[in-house]
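# Coordinates in review
The chain contents come next:
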Amino acid sequence: MVTLIDTHTHMDNHKFDNDREEAIARAREAGVELMINIGFDRETIPTTMALAEKYDFIYAAVGWHPVESIHMQPGDLEWIESLMSHPKVVAIGEIGLDYHWDTSPKDVQQRVFREQIQLARKVGKPIVIHNRDAHEDVIRILKEEKAEEVGGVMHCFSGSWETAKACLDMNFYISFGGPVSFTNAKVPKDVLAKVPDDRLLIETDAPYLAPHPFRGKRNESAYVALVAEAAAAIKGKTVKEIGYLTSVNAKNCFRFER
């Protein structure tokens, strides 16, 4: 059986309130060995931690999302730091910049981003990067804050090969989700083809960005198998090979004991 790791999911999302246990069971049936659930604000950090504590195969990344950065209060960074010693917390994230949704001023986003990179370096945890329409500033801040010391993941990568190469040079893995299965997704497919095998990750970002043939519907962690199929076709490998190499990469990136 193919074994897979969904490196970025939101199974605590309210869209799973009616069938969360069933959706998690479907992921296991699809070969998902581990999931990393992302808590990114005051509401989702506690629900992410609850999932990680309930299921031995679900781990947590916690941080403050750039869209929500305007709502970050004094003490929230210390709260995140306090969770870093929890045995199920493997990363700080998702953090970064989002210039698509005009909810948080750019200067606030950048400050919160920098503070969390600094925290990651302090506690020695990798970071999970959200980057939407902010490639130049993300790369610049990662370099200025010496993010290569901790590395991490460029989540649901949508940039150019030049951007990917800059991230690879800073000790980051490149993760792809449902969009690489879309017929018209030429750039993500081209970039995935070039990413070295030992730096490739796969994810769902459930409940968002469902892969073909579920595009436009609710995504779930089981569908990481479809992302693996798309990656296998692009890389000229079997799905089992993609499952193996991306699982090894995830365990290396998030420093799981094996």
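Presented here is a report on the structure given in the accompanying data block. (Residues numbered from 1 in each chain as written. Predicted model: local features only at pLDDT ≥ 70, side-chain atom pairs only at ≥ 80, totals over all residues. Heavy atoms only, no water.)

## Structural notes on the layout of surface pockets
Here the largest pocket is characterised by a volume of approximately 710 Å³. Forming the boundary of the largest pocket are 25 residues, of which Asp98, His130, Arg132, Asp205 and Leu209 lie nearest the centre. Contributing elements (two or more residues each) for the lining of the largest pocket: strand 4 (89–98), strand 5 (127–132) and helix 7 (186–194). In terms of residue count, strand 5 provides more of the lining of the largest pocket than any other element does, 3 residues in total. (1 Å grid on protein atoms, 1.4 Å probe; cavity = no way out; pocket = protein on both sides within 12 Å on 5 of 7 lines; lining within 4 Å. Points joined across faces, edges and corners; volume = space filled by probe spheres on them. Helix = DSSP H or I, 4+ residues; strand = E, 2+ residues; numbered from the N terminus.)

## Let's talk about the packing of aromatic side chains
Summed over all chains, the structure comprises 5 aromatic pairs. Between the aromatic rings of tyrosine 55 and phenylalanine 57, the centroid separation amounts to 5.4 Å while the plane-to-plane angle is 55°, which identifies the pairing as tilted. In terms of burial, tyrosine 55 and phenylalanine 57 fall into one category: buried. Between the aromatic rings of phenylalanine 157 and phenylalanine 176, the centroid separation amounts to 6.4 Å while the plane-to-plane angle is 70°, which identifies the pairing as edge-to-face. With phenylalanine 157 in the loop between strand 6 (152–154) and helix 6 (161–168) and phenylalanine 176 in strand 7 (residues 172–176), the pair connects residues that are 19 residues apart, well separated along the chain. Exposure remark for phenylalanine 176: the relative accessible area of 1% places this residue in the buried category. Cluster of aromatic residues (ring-pair linked, three or more members): Tyr59, Phe254 and Phe256. Lying across the ring of phenylalanine 57, arginine 28 places its NZ or CZ 3.8 Å from the centre. One Lys or Arg, arginine 215, reaches over the ring of phenylalanine 182 and ends 3.7 Å from the middle of that ring. (Phe/Tyr/Trp six-rings, centres within 6.5 Å; stacked < 30°, edge-to-face > 60°. Buried < 20%, exposed > 50% of the residue type's maximum accessible area, 1.4 Å probe, protein only. Lys NZ or Arg CZ within 6 Å of the ring centre and 35° of its normal.)

## Looking at the sheet that holds strand 4
Sheet strands line up and pair through hydrogen bonds in the backbone, either parallel or antiparallel. The strand order across the open sheet built from 8 strands is 1-2-3-4-5-6-7-8, with neighbouring strands paired in parallel fashion. Each edge of the open sheet carries a strand with a single partner, namely strand 1 (4–9) and strand 8 (200–202). With direction set aside, neighbouring strand axes in the sheet form an average angle of 30°. Sheet topology note: the strand 4/strand 5 ladder contains 6 bridges and is parallel. What sits directly across from aspartate 98, in strand 5, is arginine 132. Across the sheet, helix 6 lies against strand 6 and strand 7, angled at about 140° from strand 7, the strand it touches most. (Pairing = 2+ DSSP bridges. Axes fitted to C-alpha atoms, helices over the stretch in contact; angles between N-to-C directions. Contact = heavy atoms within 4.5 Å.)

## Side note on the packing of helix 4 (residues 106–123) against helix 5 (residues 135–144)
The interhelical angle for the contact between helix 4 and helix 5, taken along N-to-C directions, is 35°, at an axis separation of 10 Å. Pair helix 4 / helix 5 crosses with right-handed handedness. Within the contact between the two elements, helix 4 uses Gln110, Phe113, Arg114 and Ile117 and helix 5 uses Asp137, Val138, Arg140, Ile141, Leu142 and Glu144. Looking at the contact of helix 4 with helix 5, its residues break down into 5 nonpolar, 1 polar and 4 charged. (Left-handed = near helix turned anticlockwise from the far one by under 90°. Nonpolar A, V, L, I, M, F, W, Y, C, P; charged D, E, K, R; others polar.)

## A word on unusual backbone geometry
Looking along the chain, the bond that leaves glycine 93 and enters glutamate 94 is cis, with omega of 5°. Tracing the backbone through its elements, the reader meets glutamate 94 in strand 4. Looking along the chain, the bond that leaves alanine 206 and enters proline 207 is cis, with omega of 10°. Relative to the elements of secondary structure, proline 207 occurs in the loop between strand 8 and helix 8 (224–235). Within the chain, aspartate 133 stands out as a residue other than glycine whose phi angle is a positive 60°. Among the structural elements, aspartate 133 can be located in the loop between strand 5 and helix 5. Although it is not a glycine, leucine 209 adopts a positive phi angle of roughly 55°. Relative to the helices and strands, leucine 209 is located in the loop between strand 8 and helix 8.

All quantities given are derived from atomic positions and should not be read as evidence of function.
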